[in-house]
Amino acid sequence: MVLRAGVYRESVDGLGKPFILQPYPGEQAWISGADVVTGWVADGSTWRHDNWDVQLCHSCFLPNIIDPAYPQAGFPDMVLINGQPLRQVGSRDKVQAGTFFVDQSRHVLYVGTSPAGKTVESAVRTQFAVLDSGAAGAVIRGVGFRSFASNQDYKDHPAMVSVNARKVTFEKDVFLGSAATGLLIAQPDATISSSLFDRNGLAGIVANKADNIRIVGNTMVGNNAEHFAISGDSVGAAGTKITRTKRPYIARNIFRDNHSNGWWCDLGCSDAVVIGNLASGNQVNGLFYEISARALVASNVMAGNAKLGLKISSSDNVRVVNNTMVGNQSNLGVYNDPRGPDSDPYSNGMGQVWDSRNTRLLNNLMVGDVDSDQPFVITADYKNPPRTSAAQMIVASDGGCYVRANAHLPSVLVSWWNSPSDVDAYGSLAQWRQATGLEAHGQELTGGPGDVFVNPGALNFRPQPSSPAAHGGQPLPSEVASALGLTTTASPARGALGRAGRRLKFFRAFGWYEHHIAAAIARKGRRVGQLVGGQQVQRVVANSENQISGGVQVADHCSQPRHLFQHLHHDRGAGLGDPRPYRLQHLGLIALDVQLQQVHTVHKGRHADGRDRDRTSGRPVADALVSGRQISPSRRRILFLVRQRKLHRFRSVVTHHGGLHDVHIP
């Protein structure tokens, strides 16, 4: 299904069939949870809108996740003026410029900024859609979602898009300004790539029991915009938070300036691969692996995070290889917290021990912060006896480079926990090496980021060629080199191997089809069935606000944005242009129904039950396609039967380029 440019203000209850959703080449399509609000009346120093009947949930959150400094964080109401969000306040007398108040008892909406001559929007929908199990294999590509009034309560409309289907793909999408979470994944084998998660209220992505999830090349920035609590037992704020998931793959993402942890795997994760990411400027930890088991954390950059660059808590067998940690309050923390796996049936059933044993460090580069006297490495155990000592936590460390601001800062390089009353404070690398035998090939230097890196101000943390950190690392284990796509080298650089994170030029573009495909569509007109990126266009939709684009009349109710997705419901019959892709894999064939639409002309048969019928057989058109029945040429349709292997060959050569355009967030 191809969306024309515009803002689609709508939601659906559930999507139960496979589908592909993407914009028309070079155009931007936004799906919004907010409606435009007019009819404002001046009321003293404020403006009010009467008869405000939108009743969003003001109790759908855990009370202990609310920071007292931000008491309205759990309220999903949102107001935007010319696209800029206002801050919610708790009473009419607190309304001032840049704020709003919802009086639910009197059904009045107040704003403190004049709406005159401006576009005022307010969130009225809690979510766009839930992808139910029947939507397995669905693809959403190049679509923007924004301003949905989702709830912090994960059981009650928790995200703009929630996925309960396997093998769903999100590619080059934008999730902007949800009241809680942008995207929720609750089934295995999802792929999220090259997408932006920006200023969502609680988290950009939340995933639970999402085995084999792949999160690659995305940017998570400014999440936890509502300032939910970032400490306590019920904390859930993060750029991305994953729980109870096997084999998550997290690569080449940017987790930046989130009011929370950047990336956080918690409560029963296992066998995580976390490589090539940039975690910078987050208000808690850059990367956090908690009460989980087994992980590879390699070639990441963690810079300028308010607490730890990397925190490992109650998680065994974590390998930390060739990471760069610079300017964090402290660079690495390895801890045990008081909890045991018997508190979580999933983790207990997986045989997890929740004990930070067998951490292995190799070739990590740590650079201090002139404003912090915290040790570079901190260890501690807060469990009940018997406890785990630092020597059991970190069993191997070599090839590291430790760059202190000066010979006395930090005053303690490594805090080595033996017992509650016995903590060794090693003031130098030599002391740590002598006491433990670790870091036989490690280096200690003095200097700042500018002495070590190419351009730290631009987040380029590659070592300068003249820096000792540019060489001298220990050989990489073959499985680590393979995960990083490298060959084993005798003396690699210390720290991240390559520039972490992916710079996402696509955010300037919402048209990413192969050039010749886009050109063919432009030449031949917008057609249902057009082959785009190896898939068939099932419906071409007019832009929002009931406007018809490009002189093409869209059939029936499809020009009404609120009903754009109604054929994807479980109980809807299939019709001409039904957005469900009929792949016919059981026949080894692909049916492509190309409808040649002329301006304001649609040739089809219509039955009294509202379904499009084949005039010859009277059967629904989609059923005729499934049966392989020939459709009459007089109906101006062409039926292509393409052998599946040919289609696969075509897919294999398709790339997603496209012209670059400035993105306008309406």
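Residues numbered from 1 in each chain as written. Predicted model: local features only at pLDDT ≥ 70, side-chain atom pairs only at ≥ 80, totals over all residues. Heavy atoms only, no water.

A.B. asks: What exactly am I supposed to notice about the sheet that holds strand β29 (residues 261-266) here?
C.D. replies: By way of backbone hydrogen bonds, the strands of a sheet pair with one another, either parallel or antiparallel. The twelve strands are arranged β14-β17-β20-β23-β26-β29-β32-β35-β38-β41-β44-β45 in an open sheet whose pairing can be described as mixed. The sheet is open, and its two edges are formed by β14 (129-131) and β45 (422-426), each paired on a single side. The mean inter-strand angle of the sheet, taken between neighbouring strand axes irrespective of direction, is 10 degrees. The sheet contact formed by strand β32 (residues 287-290) and strand β35 (residues 308-313) spans four bridges and is parallel. Bridged to Tyr-289 within β35 is Ile-312. Helix-sheet contacts for helix α3 (residues 429-436) involve β44 (414-419) and β45, and the interaxial angle to β45 is about 135 degrees. (Pairing = 2+ DSSP bridges. Helix = DSSP H or I, 4+ residues; strand = E, 2+ residues; numbered from the N terminus. Axes fitted to C-alpha atoms, helices over the stretch in contact; angles between N-to-C directions. Contact = heavy atoms within 4.5 Å.)

A.B. asks: Where do I start with the pattern of salt bridges in this structure?
C.D. replies: For side chains of opposite charge, pairing can occur when their charged atoms come near one another. As enumerated under the stated definition, the model contains 20 salt bridges in all. Arg-48 is paired through a salt bridge with Asp-43; the nearest N and O atoms lie 3.5 Å apart. Taking the relative accessible area as the measure of exposure, Arg-48 reaches 22% and is therefore partly exposed. Residue class for Asp-43 comes out partly exposed when judged on its relative accessible area of 23%. Across the salt bridge formed by Lys-241 and Asp-266, the nearest N and O atoms sit 3.3 Å from each other. Residue Lys-241 is located in strand β26 (residues 238-243), and its partner Asp-266 is located in strand β29; the two are separated by 25 residues in the primary sequence. Assessed through its relative accessible area of 10%, Lys-241 is described here as buried. One network of salt bridges, with partners in common, ties together Asp-43, Arg-48, Asp-50 and Arg-92. (Salt bridge = Lys/Arg side-chain N within 4 Å of Asp/Glu carboxyl O. Buried < 20%, exposed > 50% of the residue type's maximum accessible area, 1.4 Å probe, protein only.)

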